[in-house]
Amino acid sequence: MFVAMKPHATPAQFDAVVEKIRALGLTPHPIVGTERKVVAVVGHIAGLDPDELFGTMPGVAEALRVSQPFKLVSREVKEEDTVLDVGGARLGGEAIAVMAGPCSVESKDQILEAARAVKAVGATFLRGGAFKPRTSPYEFQGLREDGLKLLALAREETGLKVVTEVKDTDTLPMVAEYADVLQIGARNMQNYSLLEKVGELDRPVLLKRGLSATIREWLMAAEYIVSRGNHRVALCERGIRTFETMTRNTLDINAVPVLKALTHLPVVVDPSHGIGIRQHVPAIARAGIAAGADGLIVEVHPSPEKALSDGHQSLTPAEFGELMKQVRVIAGAIGRPIGT
Ligand code: PEP
Ligand code: MN
């Protein structure tokens, strides 16, 4: 359930609501938007009548049940879009955020070259994995801390914010030392211990959709993070597994408008993993923006043919420049700027 305060409710009236929630043995989660102040109520609320409990308290506008199983991430509780401020770079809101860079960090020259190239055409975030969860144990597993250090170096030189994957709870403290945004990969979307741990940090999280996860399961995974106190979460549609084998995954474009209606969290599209074929990445990037995504995450490598992972779906810097031109046109057509 949630309790929405009247626009001019006093802090004392708000505190009284929070106190009453605690007295009932429930957990209050204040959600402060610019439009209205809301307290989400989490716990065993079966049999309780929200209106009877809170409806007549001074300063309360309404008290209602949340119809969806996800609560804190739901649009019912918070109507306005969440905008993540990542050290001055924005993710969510009107402007479209572009994240780009190689699948894996491979060397100093590679990451610096990629970072300079994507920055030059308008990306504001640098992606790059230092811990790679690979299907085969014999494939490149990432440069680990050395890779994180190279990402930090690229951030220092370019000002781009770093998005990098955290693979497990053991390495989370190390990754969190370097990352501006913690990426939870598709394979870890339901790693609840990891979700809980990132939920205890004050660091934005990019939560990728599991390979076979429904939208509801994905939102429940986001709820794990937010319910632990970390409200800075964005969702990334990266394609799901279907019967189709001609493409690596099937980017679920439906997820974009469906999520935008169900949740206030920013929605990012990953066209690279979504289709897995370099030549078609720009088309899927354009589709993602046209469908209403708040951001893109795109794999770009200075020499894709030499990449240690995902070269077949990585764009050259020149191809990425072309993609950005096209995306600007689509964004302009729906009245959205590309973030700076
Ligand atoms: C990646 O971003 O390189 C990656 C491993 O993505 P996913 O978790 O979506 O497969
Ligand atoms: Mn990849």
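Residues numbered from 1 in each chain as written. Chains lettered and ligands numbered in written order. Predicted model: local features only at pLDDT ≥ 70, side-chain atom pairs only at ≥ 80, totals over all residues. Heavy atoms only, no water.

A. Local environment of the overall build of the chain. Each helix and strand counted, the chain has eleven helices and 14 strands in total. Projected onto its principal axes, the C-alpha positions of the chain cover 65 × 45 × 45 Å. Within the span of the chain, comprising 340 residues, buried residues form 55% of the whole. In the chain, once contacts between residues fewer than 6 apart in sequence are set aside, the share between residues at least 24 apart is 69%. Carbon and sulfur atoms form 52% of the exposed surface of the chain, whose accessible area is close to 14,400 Å². Across the chain, the mean location of the 39 positive side-chain charges is 1 Å away from that of the 41 negative side-chain charges. (Helix = DSSP H or I, 4+ residues; strand = E, 2+ residues; numbered from the N terminus. Buried < 20%, exposed > 50% of the residue type's maximum accessible area, 1.4 Å probe, protein only. Contact = heavy atoms within 4.5 Å. Areas by Shrake-Rupley, 256 points an atom, 1.4 Å probe, with all protein chains shown as cover. Lys, Arg positive; Asp, Glu negative; His and termini not counted. Charge placed at Lys NZ, Arg CZ, Asp CG, Glu CD.)

B. Summary view of the environment of Lys132. Following the sequence through the fold, Lys132 ends up in the loop between β8 (125–127) and α4 (145–158). The exposure class of Lys132 is buried, given its relative accessible area of 7%.

C. Quick look at the sheet that holds strand β11 (residues 205–208). Judged by pairing direction, the barrel is parallel, and its eight strands sit side by side in the order β7-β8-β9-β10-β11-β12-β13-β14 before closing back on the first. Each strand of the sheet is rotated relative to its neighbour by a mean of 25°, with strand direction disregarded. Along the sheet, α4 contacts β8 and β9 (161–165); its crossing angle with β9, the most-contacted strand, is approximately 160°. (Pairing = 2+ DSSP bridges. Axes fitted to C-alpha atoms, helices over the stretch in contact; angles between N-to-C directions.)

D. Molecular detail of the packing of helix α3 (residues 108–120) against α4. At their nearest, the axes of α3 and α4 sit 9 Å apart, and the two run at 35° to each other. α4 is crossed by α3, and the crossing has right-handed handedness. Two secondary-structure elements touch here, α3 through Lys108, Ile111, Leu112, Ala115, Arg116 and Lys119 and α4 through Leu150, Leu151, Leu153, Ala154, Glu157 and Thr158. Of the residues assigned to the contact of α3 with α4, the class counts are seven nonpolar, one polar and four charged. (Left-handed = near helix turned anticlockwise from the far one by under 90°. Nonpolar A, V, L, I, M, F, W, Y, C, P; charged D, E, K, R; others polar.)

E. Broad picture of the coordination of the manganese ion (ligand 2). At this site the manganese ion (ligand 2) is bound by Cys103 (SG), His273 (NE2), Glu299 (OE) and Asp310 (OD), with donor distances of 2.0 to 2.4 Å. Donor residues binding the manganese ion (ligand 2) come from one chain and are separated in sequence as C-x169-H-x25-E-x10-D. Of the two residues, Cys103 is situated in the loop between β7 (97–101) and α3 and His273 in helix α9 (residues 271–275); the sequence distance between them amounts to 170 residues. (Donors = N, O, S within 2.8 Å, 3.2 Å for Na, K, Ca; no water.)

F. Focus on the sheet that holds strand β3 (residues 37–42). Pairing is antiparallel across the open sheet formed by four strands, whose spatial order is β2-β3-β1-β4. One side of each edge strand has no neighbouring strand; the edge strands of this open sheet are β2 (27–32) and β4 (60–64). Direction aside, neighbouring strands of the sheet carry axes that sit 20° apart on average. On top of the sheet, helix α1 (residues 11–23) reaches β1 (2–5), β2, β3 and β4; it is set at about 5° to β3, its chief contact.

G. Seen up close, the nonpolar core. Formed by 76 residues in total, the largest nonpolar core has its most connected members in Val198, Leu207, Phe320 and Leu323. Per element, the largest residue contribution to this core is seven residues, and it comes from helix α7 (residues 215–227). Leaving out residues up to four positions away in the same chain, Leu323 has contacts with Val281, Pro282, Ala285, Val298 and Leu315. In terms of nonpolar packing, the next biggest core, distinct from the first, is built from 16 residues, Met1, Phe14, Val18 and Leu26 among them. (Core = buried A, V, L, I, M, F, W, Y, C linked by side-chain atoms within 4.5 Å.)

H. Highlighting the site of ligand 1. Close to ligand 1 lie Cys103, Arg127, Lys132, Glu165, Gln183, Gly185, Ala186, Arg187, Lys208, Arg238, His273 and Glu299. Arg187 has a polar side-chain atom sitting 2.9 Å from an oxygen atom of ligand 1. If ligand 1 stood free it would expose 300 Å²; the protein chains cover 97% of that surface. Class assignment for the residues of the shell around ligand 1 results in two nonpolar, three polar and seven charged. (Near = heavy atom within 4 Å. Polar contact = N/O pair within 3.5 Å; in protein donor to acceptor, adjacent residues only side chain to side chain.)

I. Summary view of the domain arrangement of the chain. Structurally, the chain comprises domain 1 (2–64) and domain 2 (84–333). On a C-alpha basis, the centroid separation for the pair domain 1 and domain 2 is 36 Å. (Domains from an automatic or database assignment.)

J. Looking closely at the packing of helix α6 (residues 192–199) against α7. For the pair α6 and α7, interaxial distance at closest approach is 7 Å and the crossing angle is 40°. On the basis of the axis angle, α6 is oblique to α7. In this structure, α6 meets α7 at a crossing whose hand is right-handed. Between α6 and α7, the contacting residues are Tyr192, Leu195, Glu196, Val198 and Gly199 on the first element and Ala221, Tyr224 and Ile225 on the second. Residue classes in the contact of α6 with α7 are distributed as six nonpolar, one polar and one charged. (Parallel < 35°, antiparallel > 145°, perpendicular 65-115°, else oblique.)

K. Just the environment of Pro173, in detail. Counting through the fold element by element, Pro173 comes out in helix α5 (residues 172–178). Judged by its relative accessible area of 55%, Pro173 falls in the exposed class. Each C-alpha atom of the pair Pro173 and Val86 lies 18 Å from the other, and the pair is 87 residues apart in sequence.

L. Focus on the packing of aromatic side chains. Enumeration according to the criterion identifies one aromatic pair in this entry. Lying over the aromatic face of Phe14, Lys37 brings its terminal NZ or CZ to 4.1 Å of the ring centre. (Phe/Tyr/Trp six-rings, centres within 6.5 Å; stacked < 30°, edge-to-face > 60°. Lys NZ or Arg CZ within 6 Å of the ring centre and 35° of its normal.)

M. Broad picture of α7. For α7, with 13 residues, the first-to-last C-alpha span of 18 Å sits near the 18 Å given by 1.5 Å per residue. Within the sequence span of α7, burial applies to Ile215, Trp218, Leu219, Ala221, Ala222, Glu223, Ile225 and Val226. Those residues of α7 that are buried lie in contact with β2, α6, β11, β12 (233–237) and α8 (255–262). Gly229 lies just past α7 and shows a positive phi near 115°. (Expected span 1.5 Å × (residues − 1).)

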